[in-house]
Amino acid sequence: MTKYLGLHETLDLHELLTFKNLCLTKATTMSVLAQDEELKTILSEDAATGTKHIQQLQKFLTQRGGQE
């Protein structure tokens, strides 16, 4: 496996990272505004999952490759 990501792969990861950040921001904001407890729980769980996904995407970008 190559040590570096291709340009198109890097751009795709940046696009995904931007999208996930937007989703996290929206879920966090809406969970504060929501009045229904079940909806608040769903949004909070989505925010926690989104945070994990963002960390994984950042890891791909900073490691610049995979296992050899």
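Above: the structure in question.
> Where do I start with the overall build of the protein chain in this structure?
In terms of regular secondary structure, the protein chain is built from two helices and zero strands. Residues classed as buried in the protein chain amount to 19% of the 68 residues present. Carbon and sulfur atoms form 59% of the exposed surface of the protein chain, whose accessible area is close to 5,600 Å².

> Any chance you could explain the pattern of salt bridges here in plain terms?
Working definition: two side chains of opposite charge can pair if their charged atoms are close together. The final tally for this structure, using the stated rule, is one salt bridge. For Glu37, the salt bridge identified is with Lys40, shortest N-O distance 4.0 Å. Pair noted here: Glu37 and Lys40 are both in helix H2 (residues 37-63), with a separation of three residues, about one helical turn. In this structure Glu37 comes out as exposed when scored by relative accessible area, which is 53%.

> What's the story with helix H1 (residues 7-33) in this structure? I'm lost.
Side chains that are three or four residues apart share a direction in an α-helix, a result of its 3.6 residues per turn. The end-to-end C-alpha distance of H1, which contains 27 residues, comes to 39 Å, matching closely the 39 Å that a straight helix rising 1.5 Å per residue would cover. Among all positions of H1, only Thr10, Leu13, Leu17, Ala27 and Ser31 are buried.

> Is there a simple way to think about H2 in this case?
Taking 1.5 Å of rise per residue, the 27 residues of H2 would be expected to cover 39 Å, and the 39 Å separating its terminal C-alpha atoms lies within 8% of that figure. Of the residues making up H2, those classed as buried are Leu43, Ala47, Gly50, Ile54, Leu57 and Leu61. Residues of H2 that are buried in the fold lie against H1.

What counts, and at which threshold
- All residue numbers refer to position in the chain's written sequence, counted from 1.
- In view of the model being predicted, local features appear only for residues whose pLDDT reaches at least 70, and side-chain atom pairs are presented and counted only at 80 or more, with totals across whole chains, interfaces and linings using the full set of residues.
- Where side-chain values are given, they derive from all heavy atoms of the structure, hydrogens and water being excluded.
- Here a strand is any run of E in DSSP of at least two residues, a helix any run of H or I of at least four, and the numbering for each starts at the N terminus.
- Any residue under 20% of the maximum accessible area for its type is buried, any over 50% is exposed, and the rest in between are partly exposed; the area is computed with a 1.4 Å probe on protein chains only.
- The Shrake-Rupley method, run with a 1.4 Å probe sphere, supplies the accessible areas, and residue values consider only the shown protein chains as cover.
- What counts as a salt bridge is simple: a side-chain nitrogen of Lys or Arg found within 4 Å of a carboxyl oxygen of Asp or Glu.
- Here the expected span of a helix is defined as 1.5 Å times the quantity of residues minus one.
- Two residues form a contact once any of their heavy atoms are found within 4.5 Å.

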